[in-house]
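Spelled out, the chains give:
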Amino acid sequence: MKTHLTIGVVPRLGGGDVADLLVVPWSDNARFMRQIGELAGVEISSFLERHGASLRNKKPLALPCVPENQRCRAIFFVPVVSANREDDPIRGFAEQVIRLAQSQRAEKVAILIDLLPKASWRGSTMERLVEAAELAQYQFTDFQSKIPDSSTVSQLILVSEHACPREIQTGLALAASYRLARDIILTPPNHKRPRDLAERISRELDHPLLSVTVIDRAGLERLGAGGILAVGNVGEPVLVRIEYSPPTEPGARLAARRRPVALVGKGVTMDTGGYALKPLSGQKAMKGDCAGAAAVVGAMRAIASLKPATPVRGYVALVENLIGPGAMLTGDVITTLDKHTVEIMNPDAEGRLILADAIALACQEGPGVVIDIATLTGGVVAALGNKRAGVFATSTRLAEAIIRAGGASGERFWRLPLADEYLPLLEGGIADLRNVASTPGPDATVAALFLREFVAPQVSWVHLDIAGPGLGDGMERGHVAGFGVGTLTRFVCSRG
């Protein structure tokens, strides 16, 4: 079931704007108490002073009665607090409002949004609230014959003196794009074989500002994309190239002359490990090994909706890593798109091989910046857990821009080193490179160093290893984040 919110903004609740539930954001500070006193009178202020403990414990508080000239069925104070200093209280507040509304079976919810803390987090309050509220009702039910019976919110009325149409549009566009990314990740492997997923991407990105090209096996052979072909040889490997062309408005012409941003996504639609076969427990989440590709697809959709002036190209390599005749073997030597030779020392280190070809192709087409995003290594999870993604970059300025875009998106990153002293671990075999270290080393850093070999010298590059938050721990329950959609979108939009 795909439930979408209708968003409206009104300066005050009245007339025909009657809600099932009115939500008053609560903050434990003098400014809030002064505002609510001016708005609703001393009685409510004293009520809040008596029951503040409940709100400070992060629990919504219902008013015991509703005024006679009621504009709603129920009034709740909902706390705007964060579990820790890194959480976004606005997103947490929005999610709590939706859960409360569902428990009250309220379809139409009004929020006194001007009572929200103005400086509680980076980015636009309205934008983040709309995005989080829309995503709070997300469910993946495409393969259920009986849809769970759950109450849904259909309309959100934001009571505010500020209309903020651009922020609302951005929030809705990002939410729709996160939904698409989540759907792609959660779709079962037999329903998203590379060719099928490529066709779906073409349908989902049918937009006047986007052009989508699907490069099939024959096209990959002409390109010499030996990495993609080696990994996906059992099956039907494809590379999807997506191009966003900014609208030709006068203000966009100068920015459109900039070199494009290239977004490269790893799309292993099922990773069994190949002949380095993963145990069953290790395979259960591996339909999500396309989370990087999903983030790129979602971001391209959001970018087309928001129309930044910066041109963008997306490259999504789609393969299955399977066992069968022609599957990649330990000891094989392949030749990548840019003519590097690579000795396969581990068939389960396949993601870096398909990214190598996609990065090389992106660099050949003259970008200013290349960003690749992938659920790449267990090493980054060991280092950072499943709440943060690793950032490896050739430029401090670029790394900081990504981290800022992630902060505004509620997506956490931590910069890790591109330590050249580990590069010899990839050398010394019978080919230019090995696909894994010859001796144990820092897995995430070694993988990033491998990818850097395929980046053109004049191109700024950043690698995002999202193995932790990209997969999370809720795959079997249908819970994934679509991590990276917001970061990529906001990074591009921040460039103009």
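See above for the structure.
This one's a predicted model, so the numbers in the text were calculated from it and none came from an experiment. (Residues numbered from 1 in each chain as written. Predicted model: local features only at pLDDT ≥ 70, side-chain atom pairs only at ≥ 80, totals over all residues. Heavy atoms only, no water.)

Participant: Where do I start with the nonpolar core in this structure?
Facilitator: Side chains of a nonpolar character, in soluble globular proteins, are inclined to be buried together. Counting residues in hydrophobic clusters, the biggest one holds 63 residues, and the most contacted among them are L263, M300, L318, I371, L464, L488 and F491. Considering each element in turn, this core owes the most residues, 11 residues, to helix 11 (residues 291-306). The residues contacting L263, other than those within four sequence positions of it, are V296, A299, M300, I303, V312, R313, G314, Y315, I371 and L488. The next biggest cluster of nonpolar side chains, apart from the first, holds 54 residues, and it includes I334, L416, L418 and L433. (Core = buried A, V, L, I, M, F, W, Y, C linked by side-chain atoms within 4.5 Å. Buried < 20%, exposed > 50% of the residue type's maximum accessible area, 1.4 Å probe, protein only. Helix = DSSP H or I, 4+ residues; strand = E, 2+ residues; numbered from the N terminus. Contact = heavy atoms within 4.5 Å.)

Participant: Where do I start with a nonpolar patch on the surface in this structure?
Facilitator: Taken together, the side chains of Y275, L277, I323 and L329 present a nonpolar region at the surface, about 380 Å² in accessible area. Tracing the backbone through its elements, the reader meets Y275 in the loop between strand 9 (261-271) and helix 10 (280-283). Y275 sits in the partly exposed class, given a relative accessible area of 44%. (Patch = residues over 30% accessible without salt bridge, like charges linked within 9 Å, V, L, I, M, F, W, Y side chains within 5 Å. Areas by Shrake-Rupley, 256 points an atom, 1.4 Å probe, with all protein chains shown as cover. Salt bridge = Lys/Arg side-chain N within 4 Å of Asp/Glu carboxyl O.)

Participant: Explain the sheet that holds strand 15 (residues 412-415) here, please?
Facilitator: What links the strands of a sheet is backbone hydrogen bonding, and the strands pair in either a parallel or an antiparallel sense. Strand order in the open sheet formed by eight strands is 7-8-10-9-13-17-14-15, with mixed pairing between adjacent strands. Strand pairing shows two members of the sheet lacking a second neighbour, strand 7 (210-215) and strand 15, which therefore form its edges. Pairwise comparison of adjacent strand axes, ignoring direction, gives a mean angle of 20° for this sheet. Contacting strand 8 (238-244), strand 9, strand 10 (312-321), strand 13 (369-374) and strand 17 (460-465), helix 12 (residues 351-364) crosses the sheet at an angle of about 155° to strand 9. Running at roughly 160° to strand 15, helix 14 (residues 396-408) makes contact with strand 13, strand 14 (388-393), strand 15 and strand 17 of the sheet. (Pairing = 2+ DSSP bridges. Axes fitted to C-alpha atoms, helices over the stretch in contact; angles between N-to-C directions.)

Participant: Honestly, the side chain of R352 in this entry has me stumped. Any pointers?
Facilitator: Tracing the chain through its elements places R352 in helix 12. Side-chain polar atoms of R352 contact the backbone oxygen of N435, separated by 2.9 Å. Once residues within four sequence positions are removed from consideration, R352 is found in contact with L376, T377, N435, V436, D443, A447, F450 and L451. (Polar contact = N/O pair within 3.5 Å; in protein donor to acceptor, adjacent residues only side chain to side chain.)

Participant: What exactly am I supposed to notice about the side chain of T310 here?
Facilitator: In this structure, T310 sits in the loop between helix 11 and strand 10. For T310, a relative accessible area of 1% puts it in the buried group. Only 3.0 Å separates the side chain of T310 from the side chain of R258, close enough to count as a polar contact. Residue contacts for T310: discarding those within four places in its chain leaves Y244, P246, R258, V261, V492, R495 and G496.

Participant: Could you clarify how one ought to interpret the sheet that holds strand 12 (residues 341-343) in this entry?
Facilitator: Spatial strand order, 11-12-16: three strands in an open sheet with mixed pairing. Taken across any chain shown, the strands that pair with only one partner, and hence form the sheet edges, are strand 11 (333-335) and strand 16 (433-434). Sheet topology note: the strand 12/strand 16 ladder contains two bridges and is parallel. Among the inter-strand pairings, E343 is bridged to a residue of strand 16, identified as R434.

Participant: Where do I start with the pattern of salt bridges in this structure?
Facilitator: Pairing between side chains of opposite charge can happen when the charged atoms of each approach one another. Scanning all chains against the criterion turns up 21 salt bridges. Here D271 ties to K278 by a salt bridge, and the two come within 3.6 Å at their closest N and O atoms. For the pair shown, D271 and K278 are each scored as buried. Measuring nitrogen to oxygen at the nearest pair gives 2.9 Å for the salt bridge that ties K278 to D348. On the criterion of sequence distance, the pair formed by K278 in the loop between strand 9 and helix 10 and D348 in the loop between strand 12 and helix 12 is long-range, its members being 70 residues apart. In the salt-bridge network here, residues are joined through shared partners; they are D88, R91, E127, R128, E131 and R490.

Participant: Please clarify how helix 3 (residues 89-103) should be interpreted in this entry.
Facilitator: An α-helical turn contains 3.6 residues, so a residue and the one three or four places further along point in the same direction. In this model, helix 3 (15 residues) spans 21 Å end to end at C-alpha, consistent with the 21 Å of a helix rising 1.5 Å per residue. Of all the positions in helix 3, only P89, I90, R91, F93, A94, Q96, V97, I98, L100 and A101 are classed as buried. The elements touched by buried residues of helix 3 are strand 2 (19-26), strand 4 (72-79), strand 5 (108-112), helix 4 (125-136), helix 14 and helix 17 (485-494). Where helix 3 begins, one side-chain oxygen reaches toward the backbone nitrogen of I90, 3.0 Å away; that side chain belongs to D88. Two residues or fewer after helix 3 comes R105, characterised by a positive phi angle close to 55°. (Expected span 1.5 Å × (residues − 1).)

Participant: In this structure, what is going on with the pairing of strand 9? I would like to understand it.
Facilitator: Along any regular strand the residues' side chains alternate between the sheet's two faces. With 11 of 11 residues buried, strand 9 is to be regarded as a mostly interior element. When strand 9 meets strand 10, the two strands line up parallel, connected through 10 bridges. Each bridged residue has a counterpart across the sheet, and for V264 the counterpart in strand 10 is Y315. Here strand 9 runs beside strand 13; their pairing, made up of five bridges, is parallel. Of the residues in strand 13, the one forming a bridge with A262 is V370.

Participant: Sorry, what's going on with the packing of helix 12 against helix 15 (residues 443-452) here?
Facilitator: When two helices pack together, their arrangement is given by the angle between their axes and by how far apart the axes lie. Where helix 12 meets helix 15, the axes come as close as 9 Å, and the angle between the chain directions of the two elements is 30°. As helix 12 packs across helix 15, the resulting crossing turns out to be right-handed. Residues R352, L353, L355, A356 and I359 of helix 12 touch helix 15, and the partners they reach there are D443, A447, F450 and L451. Of the residues in the contact of helix 12 with helix 15, the class split is seven nonpolar, no polar and two charged. (Left-handed = near helix turned anticlockwise from the far one by under 90°. Nonpolar A, V, L, I, M, F, W, Y, C, P; charged D, E, K, R; others polar.)

Participant: Explain the environment of G282 to me, please; I cannot follow it from the model alone.
Facilitator: Assignment of secondary structure puts G282 in helix 10. For the pair G282 and D271, spaced 11 residues apart in the sequence, the C-alpha separation amounts to 9.4 Å.

Participant: Hey, could you run me through the environment of A437 in this one?
Facilitator: By the element assignment, A437 lies in the loop between strand 16 and helix 15. If near-sequence neighbours (up to four positions away) are discounted, A437 is found in contact with L425, L426 and V446.

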